[in-house]
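# Survey of secondary and tertiary structure
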Amino acid sequence: MTIAEVSRKYGMTQDTLRYYERIGLIPRVPRNKSGIRDYDEESCRWIELMKCMRSAGVQIEALIEYVALFQQGDSTIDARKALLMEQRDQLTARMEDMQRSLERLNQKIENYENGLMATEEKLRGQ
(Lines give C-alpha, C1' and ligand atoms only; values in the text may rest on other atoms or scores of the structure.)
Protein backbone atom coordinates (compact mmCIF):
# COMPACT_ATOMS: atom_id res chain seq x y z
CA MET A 1 0.00 0.00 0.00
CA THR A 2 1.15 3.53 -0.63
CA ILE A 3 1.59 6.03 2.17
CA ALA A 4 -1.55 7.85 0.95
CA GLU A 5 -3.60 4.63 1.19
CA VAL A 6 -2.24 3.85 4.65
CA SER A 7 -2.90 7.42 5.74
CA ARG A 8 -6.55 7.14 4.72
CA LYS A 9 -6.97 3.64 6.15
CA TYR A 10 -5.69 4.53 9.62
CA GLY A 11 -6.73 8.18 9.77
CA MET A 12 -3.16 9.38 10.25
CA THR A 13 -1.33 12.03 8.32
CA GLN A 14 1.46 11.05 5.98
CA ASP A 15 3.79 13.22 8.05
CA THR A 16 2.89 11.22 11.17
CA LEU A 17 3.59 7.95 9.38
CA ARG A 18 6.98 9.22 8.20
CA TYR A 19 7.74 10.53 11.70
CA TYR A 20 6.85 7.20 13.32
CA GLU A 21 9.22 5.43 10.97
CA ARG A 22 11.99 8.01 11.39
CA ILE A 23 12.00 7.79 15.20
CA GLY A 24 11.74 4.00 15.25
CA LEU A 25 8.16 3.77 16.44
CA ILE A 26 7.49 1.42 13.55
CA PRO A 27 10.18 -0.67 11.88
CA ARG A 28 11.53 0.53 8.56
CA VAL A 29 8.86 0.28 5.88
CA PRO A 30 9.80 -1.69 2.74
CA ARG A 31 10.38 0.36 -0.41
CA ASN A 32 9.68 -0.43 -4.02
CA LYS A 33 12.32 -0.23 -6.77
CA SER A 34 11.74 3.52 -7.06
CA GLY A 35 12.40 4.00 -3.34
CA ILE A 36 8.77 4.75 -2.51
CA ARG A 37 7.33 3.32 0.70
CA ASP A 38 5.35 0.14 0.06
CA TYR A 39 3.50 -0.74 3.27
CA ASP A 40 3.02 -4.47 3.71
CA GLU A 41 0.85 -6.38 6.21
CA GLU A 42 3.56 -6.36 8.87
CA SER A 43 4.00 -2.59 8.56
CA CYS A 44 0.25 -2.13 8.88
CA ARG A 45 0.12 -4.33 11.99
CA TRP A 46 2.78 -2.13 13.58
CA ILE A 47 0.82 0.99 12.67
CA GLU A 48 -2.35 -0.48 14.20
CA LEU A 49 -0.47 -1.36 17.39
CA MET A 50 1.12 2.07 17.69
CA LYS A 51 -2.15 3.86 16.98
CA CYS A 52 -3.86 1.78 19.67
CA MET A 53 -1.08 2.35 22.19
CA ARG A 54 -0.92 6.09 21.51
CA SER A 55 -4.71 6.31 21.89
CA ALA A 56 -4.29 4.66 25.28
CA GLY A 57 -1.78 7.34 26.23
CA VAL A 58 1.36 5.21 26.08
CA GLN A 59 4.37 7.50 25.76
CA ILE A 60 6.34 7.49 22.52
CA GLU A 61 9.57 6.76 24.41
CA ALA A 62 8.12 3.52 25.84
CA LEU A 63 6.93 2.45 22.40
CA ILE A 64 10.30 3.18 20.81
CA GLU A 65 11.91 1.05 23.52
CA TYR A 66 9.41 -1.74 22.84
CA VAL A 67 10.15 -1.75 19.10
CA ALA A 68 13.90 -1.73 19.76
CA LEU A 69 13.56 -4.67 22.14
CA PHE A 70 11.37 -6.53 19.65
CA GLN A 71 13.98 -6.10 16.95
CA GLN A 72 16.62 -7.65 19.24
CA GLY A 73 14.75 -10.94 19.20
CA ASP A 74 13.47 -13.52 21.63
CA SER A 75 16.10 -12.77 24.27
CA THR A 76 14.08 -9.64 25.11
CA ILE A 77 10.70 -11.31 25.65
CA ASP A 78 10.80 -10.79 29.42
CA ALA A 79 11.81 -7.15 29.04
CA ARG A 80 9.02 -6.54 26.52
CA LYS A 81 6.47 -8.18 28.76
CA ALA A 82 7.64 -6.11 31.74
CA LEU A 83 7.41 -2.92 29.68
CA LEU A 84 3.86 -3.78 28.58
CA MET A 85 2.85 -4.64 32.14
CA GLU A 86 4.20 -1.31 33.37
CA GLN A 87 2.25 0.51 30.67
CA ARG A 88 -0.88 -1.45 31.58
CA ASP A 89 -0.48 -0.42 35.22
CA GLN A 90 -0.10 3.22 34.24
CA LEU A 91 -3.15 3.01 31.98
CA THR A 92 -5.19 1.39 34.75
CA ALA A 93 -4.21 4.20 37.14
CA ARG A 94 -5.21 6.84 34.55
CA MET A 95 -8.52 5.08 34.00
CA GLU A 96 -9.19 5.04 37.75
CA ASP A 97 -8.40 8.76 37.92
CA MET A 98 -10.71 9.39 34.98
CA GLN A 99 -13.48 7.34 36.60
CA ARG A 100 -13.18 9.43 39.79
CA SER A 101 -13.34 12.58 37.68
CA LEU A 102 -16.39 11.30 35.82
CA GLU A 103 -18.14 10.50 39.08
CA ARG A 104 -17.37 13.98 40.40
CA LEU A 105 -18.68 15.59 37.20
CA ASN A 106 -21.84 13.51 37.34
CA GLN A 107 -22.34 14.56 40.96
CA LYS A 108 -21.91 18.23 40.05
CA ILE A 109 -24.34 17.90 37.14
CA GLU A 110 -26.86 16.18 39.40
CA ASN A 111 -26.51 19.02 41.91
CA TYR A 112 -27.29 21.53 39.17
CA GLU A 113 -30.24 19.47 37.94
CA ASN A 114 -31.61 19.16 41.47
CA GLY A 115 -31.08 22.87 42.01
CA LEU A 116 -32.86 23.73 38.78
CA MET A 117 -35.74 21.46 39.64
CA ALA A 118 -36.11 23.11 43.04
CA THR A 119 -36.06 26.54 41.38
CA GLU A 120 -38.71 25.47 38.83
CA GLU A 121 -40.89 24.08 41.59
CA LYS A 122 -40.65 27.41 43.44
CA LEU A 123 -41.62 29.26 40.26
CA ARG A 124 -44.64 26.99 39.73
CA GLY A 125 -45.76 27.53 43.29
CA GLN A 126 -46.08 31.30 42.85
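An account of the accompanying structure is given in this report. Bear in mind that the values here come from a model prediction, so they are computed numbers and not experimental data. (Residues numbered from 1 in each chain as written. Predicted model: local features only at pLDDT ≥ 70, side-chain atom pairs only at ≥ 80, totals over all residues. Heavy atoms only, no water.)

## Describing the side chain of Ser7
Residue placement: Ser7 occurs in helix α1 (residues 3–10). Using a relative accessible area of 13% as the deciding quantity, one classes Ser7 as buried. The contacts of Ser7, once residues within four sequence positions are left out, are Met12, Thr13, Gln14 and Leu17. (Helix = DSSP H or I, 4+ residues; strand = E, 2+ residues; numbered from the N terminus. Buried < 20%, exposed > 50% of the residue type's maximum accessible area, 1.4 Å probe, protein only. Contact = heavy atoms within 4.5 Å.)

## Quick look at the nonpolar core
If you look at the biggest cluster of nonpolar residues, it comprises 22 residues, and the most contacted ones within it are Val6, Leu17, Ile26, Tyr39, Ile47 and Met50. Secondary-structure elements contributing two or more residues to this core are α1, α2 (14–22), α3 (41–55) and α4 (60–72). Looking at which element gives the most residues to this core, the answer is α4, with 6 residues. Not counting residues within four places of it along the chain, the set of residues in contact with Leu17 comprises Ile3, Val6, Ser7, Met12, Ile26, Tyr39 and Ile47. (Core = buried A, V, L, I, M, F, W, Y, C linked by side-chain atoms within 4.5 Å.)

## Notes on the packing of aromatic side chains
Counted by the stated rule, this structure contains 3 aromatic pairs. With centroids separated by 6.3 Å and ring planes inclined at 50°, the aromatic side chains of Tyr19 and Tyr20 adopt a geometry described as tilted. A relative accessible area of 34% means that Tyr19 is categorised as partly exposed. With a relative accessible area of 8%, Tyr20 lands in the buried category. Where Trp46 meets Tyr66, the ring centres are 6.3 Å apart and the plane angle is 55°; that geometry is what we call tilted. Taken together, the residues span a long stretch of sequence, with Trp46 in helix α3 and Tyr66 in helix α4 at a distance of 20 residues. A residue is classified by how much of its surface remains accessible, and Trp46, at 8% relative accessible area, is buried. These aromatic residues form a ring-pair network of at least three members: Trp46, Tyr66 and Phe70. (Phe/Tyr/Trp six-rings, centres within 6.5 Å; stacked < 30°, edge-to-face > 60°.)

## Quick notes on the side chain of Glu21
When you line up the elements, Glu21 lands in helix α2. The buried category is assigned to Glu21, whose relative accessible area is 10%. Here Glu21 is in contact with Ile26, Pro27, Arg28, Val29, Arg31 and Arg37, once residues within four sequence places are set aside.

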